[in-house]
Amino acid sequence: MSHSATAIMSIEKPQVEVEHLNLFYGNSQALTDMSFGIPASQVTALIGPSGCGKSTFLRCINRMNDLVEGLRIEGSITIDGENINDPSLDVIELRRKVGMVFQKWNPFPKSIYENVIYGLRIAGIKERGVLDQAVEQSLKRAALWDEVKDRLQQSAMGLSGGQMQRLCIARAVAVNPEIILMDEPCSALDPRSTSRIEELIRELRGEYTIIIVTHNMQQAARISDYTAYMYLGELIEYGPTQKLFTVPERKETEDYITGRFG
Amino acid sequence: MAPNIQTEIETLKGHIVYLGTVVEENLQCAIKALIEKNPDLAYQVMQTDRVEVDSIEIDVEEACLRIMALHQPVASDLRFLVTVLKVNSDLERIGDLVAKIADKVLLLYKLDPVKFLSDSMQVPEMFNEMFDKTLCMFRQAMEAFINEDTDLAYKVCLADDEVDKAKRTIYNELEEIIMSTPAQHVYLAKLLSVARSTERIADHCTNICEDIIYMQQGKIVRHNMVL
């Protein structure tokens, strides 16, 4: 499939730059020749049908795919000009810089406080004052502080689904990342909790670069600045969300977002 | 359960085409009522506008809002629905202008039935060209909507200048006739209003075509932005 150049917008000074990215699981190719740039401090949504490679691509950005057997990557992904697949790169540092929030919230069976500072403890930070401040700041950024400030030492497992997901966002934010990857963060939440997470994403925008995979197209339209449509491992169209959802350039995108797909 | 969006859109398109047909037939009847001096037909035109056109307009608007709420359309579906909302409103306004023309026929008849029906009062020949051009613009606008024909829509937009020109000619000539035959000034003043309504109908046809261009190409061409 050959794509017109105009359907894939080029971003001036992208923070994440993807060039001719190909990814193989053994003999099977999951991503094909993806090239585009993701701007800093904006929300970029990845949409496309199940199995099109959205999550696979997302996991490339902080090298979560490293341990997958038989996986091979060609091409490059650079973040702030640094090739993240460079063997000399410190993966722990990369994952500090590029945080991740998953579809199913995954707090540790520890206190709310310990969950937030987990990354900081791994980084060797022990000063109580620093940790206390990080907890307050991160929970405030995740819009959870007011709800949990009086029970920080209680187990995180007692929180509601929406609160647990916001706790995971606080945990990601605590290590001061530059980029936050979100893999369908609202797919298991009720509409009210979804709305709170979306509001949170709006607030975090500007401070962090957010890349979100979502199956909910209305959500992509609501919260993102740019949208990438992927199909069968290829990037079909990429551009400003407003344009993609009103006047998409490619028929494939049109068919998918209007539900004529398949 | 709501039908799928494609079915809804096809049904809606049918409603707009039907509304267009009713308005077009009413426009033809209004012109006929004026030229043939038929007050009964003029009354019928006004009734059709009040009973049928206004009611279809509301049904179409409600259908658009329901589809938007239930299906949250994007891309071409969204552009189609926004266009239908606007075309619907333009057709209803055309319907009102048609009724206004019919109203003038009734007014003239009521003022002096004998004189109105006499041979001394004839619609000047120069109106025919304006009526023909406006009817043609209307038909082509609906055709462009049905066939999603952007080229035809552009053509209709350009034709509006000719109707404007025809109206100016009619204004100038009617003013001269009023001066030379002041006894007929009431009748002629009503014809000025008919020319004005006809020109406004052509303007609404242009609006419809501008919206069709948006629906097809996603670009706004109002206020001569691109034309």
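About the thresholds
- Residues numbered from 1 in each chain as written.
- Chains lettered and ligands numbered in written order.
- Predicted model: local features only at pLDDT ≥ 70, side-chain atom pairs only at ≥ 80, totals over all residues.
- Heavy atoms only, no water.
- Helix = DSSP H or I, 4+ residues; strand = E, 2+ residues; numbered from the N terminus.
- Rg over C-alpha atoms; globule rule 2.2 N^0.38 Å.
- Buried < 20%, exposed > 50% of the residue type's maximum accessible area, 1.4 Å probe, protein only.
- Areas by Shrake-Rupley, 256 points an atom, 1.4 Å probe, with all protein chains shown as cover.
- Lys, Arg positive; Asp, Glu negative; His and termini not counted.
- Charge placed at Lys NZ, Arg CZ, Asp CG, Glu CD.
- Pairing = 2+ DSSP bridges.
- Contact = heavy atoms within 4.5 Å.
- Buried area = accessible area lost by both parts, 1.4 Å probe.
- Salt bridge = Lys/Arg side-chain N within 4 Å of Asp/Glu carboxyl O.
- Polar contact = N/O pair within 3.5 Å; in protein donor to acceptor, adjacent residues only side chain to side chain.
- Nonpolar A, V, L, I, M, F, W, Y, C, P; charged D, E, K, R; others polar.
- Phe/Tyr/Trp six-rings, centres within 6.5 Å; stacked < 30°, edge-to-face > 60°.
- Lys NZ or Arg CZ within 6 Å of the ring centre and 35° of its normal.
- Axes fitted to C-alpha atoms, helices over the stretch in contact; angles between N-to-C directions.
- Expected span 1.5 Å × (residues − 1).
- Bend = angle between axes of the 7 residues up to and from the residue.
- Core = buried A, V, L, I, M, F, W, Y, C linked by side-chain atoms within 4.5 Å.

Caption draft 1: Local environment of the overall build of chain A. Helix and strand content of chain A: 11 helices and 10 strands. Taking 18 Å as the expected radius of gyration for a compact globule of 262 residues, we find that chain A reaches 19 Å, a close match to that expectation. Scored against the burial criterion, the 262 residues of chain A give a buried share of 52%. When the accessible surface of chain A is totalled, it reaches about 12,000 Å², and 48% of it is carbon and sulfur. Side-chain charges of chain A comprise 28 positive and 34 negative groups, with the mean position of each set lying 6 Å from the other.

Caption draft 2: The pairing of strand S4 (residues 71-79) of chain A, seen in detail. Residues and elements named next belong to chain A. Pairing analysis gives 8 bridges linking strand S1 (residues 16-25) to S4, with the strands arranged antiparallel. Bridging from a neighbouring strand, Val-18 pairs with Ile-77 of S4. For S4 and strand S5 (residues 82-83), the ladder comprises 2 bridges, and the chain directions are antiparallel. The residue bridging Ile-79 from the neighbouring strand is Glu-82, located in S5. In this structure, the hairpin formed by S4 and S5 is closed by a connection of 2 residues, where Asp-80 is found at a positive phi of approximately 50 degrees.

Caption draft 3: Highlighting the interface of chain A and chain B. Taken together, the contact between chain A and chain B spans 9 residues of the former and 11 residues of the latter. Carbon and sulfur atoms supply 49% of the area buried between chain A and chain B, which totals about 810 Å² over both sides. For chain A, the biggest contributors to the area lost against chain B are Gln-218, Thr-246 and Arg-260 of chain A; these three give 46% of the whole. At the surface where chain A touches chain B, the tally comes to 1 salt bridge. For Asp-77 of chain B, the salt bridge is made with Arg-260 of chain A, and the minimal N-O distance between the two is 2.6 Å. Seen at the junction of chain A and chain B, the total is 6 residue pairs in polar contact (both at pLDDT 80 or more). Within the residue set of the side of chain A that touches chain B, elements represented by two or more residues are helix H10 (241-246) and helix H11 (251-257) of chain A. Split by residue class, the side of chain A that touches chain B holds 4 nonpolar, 3 polar and 2 charged.

Caption draft 4: Geometry of the packing of aromatic side chains. Inspection of every chain in the model, using the stated rule, returns 7 aromatic pairs over all chains. Here a set of aromatic residues connected by ring pairs shows up, and it is made of Phe-36, Phe-57, Tyr-226 and Tyr-238 of chain A. Across from the ring centre of Phe-108 of chain A, 4.4 Å away, lies the NZ or CZ of Arg-171 of chain A, which sits over that ring. In this arrangement the basic side chain of Lys-167 of chain B is found over the ring face of Tyr-171 of chain B, its NZ or CZ atom lying 4.9 Å from the centre.

Caption draft 5: Quick look at the pattern of salt bridges. Residue and element names in this part refer to chain A. Counted according to the given criterion, the structure contains 28 salt bridges over all chains. The partner of Arg-166 in a salt bridge is Glu-147, with the nearest N and O atoms 2.8 Å apart. You can see Arg-166 sitting in helix H7 (residues 161-174) and its partner Glu-147 sitting in helix H6 (residues 145-148), a full 19 residues away along the chain. Relative accessible area serves as the criterion here: at 5%, Arg-166 is assigned to the buried category. On the basis of relative accessible area, Glu-147 is assigned to the partly exposed category, the value being 27%.

Caption draft 6: Summary view of the environment of Leu-107 of chain B. All names here are of chain B. Structurally, Leu-107 is set in helix H3 (residues 75-111). Here Leu-107 falls in the partly exposed class, since its relative accessible area comes to 35%. Spatially, the C-alpha atoms of Leu-107 and Met-68 are 43 Å apart, while their sequence positions differ by 39 residues.

Caption draft 7: Inspection of the sheet that holds strand S2 (residues 28-38) of chain A at higher detail. Residues and elements named next belong to chain A. Ordered in space as S2-S1-S4-S5, the 4 strands form an open sheet in which the pairing is antiparallel. Edge strands, defined here as strands with exactly one partner in the open sheet, are S2 and S5. Here 7 bridges tie S1 to S2, and the two strands are oriented antiparallel to one another. Paired with Tyr-25 across the bridge in S2 is Ser-28. The sheet contacts of helix H1 (residues 54-61) involve S1, S2 and S4, and relative to S2 the element is tilted by about 60 degrees.

Caption draft 8: Region of interest: helix H2 (residues 39-71) of chain B. All names here are of chain B. The end-to-end C-alpha distance of H2, which contains 33 residues, comes to 47 Å, matching closely the 48 Å that a straight helix rising 1.5 Å per residue would cover. Considering bend angle alone, the principal kink of H2 is centred on Asp-49 and spans about 35 degrees. Two or three places before Asp-40, at the opening of H2, Asn-38 has a side-chain oxygen 3.1 Å from that residue's backbone nitrogen. Among the residues trailing H2, Gln-72 stands out with phi positive, at a value near 40 degrees.

Caption draft 9: Expanded view of the nonpolar core. Judged by nonpolar contacts, the single largest core of 75 residues is most densely connected at Leu-12, Leu-91, Ile-94 and Phe-127 of chain B. Every element with two or more residues in this core is listed here: helix H1 (5-35), H2, H3, helix H5 (126-147), helix H6 (150-180) and helix H7 (185-217) of chain B. Core analysis: the second largest hydrophobic core is formed by 52 residues, Leu-120, Leu-131, Ile-169 and Cys-186 of chain A among them.

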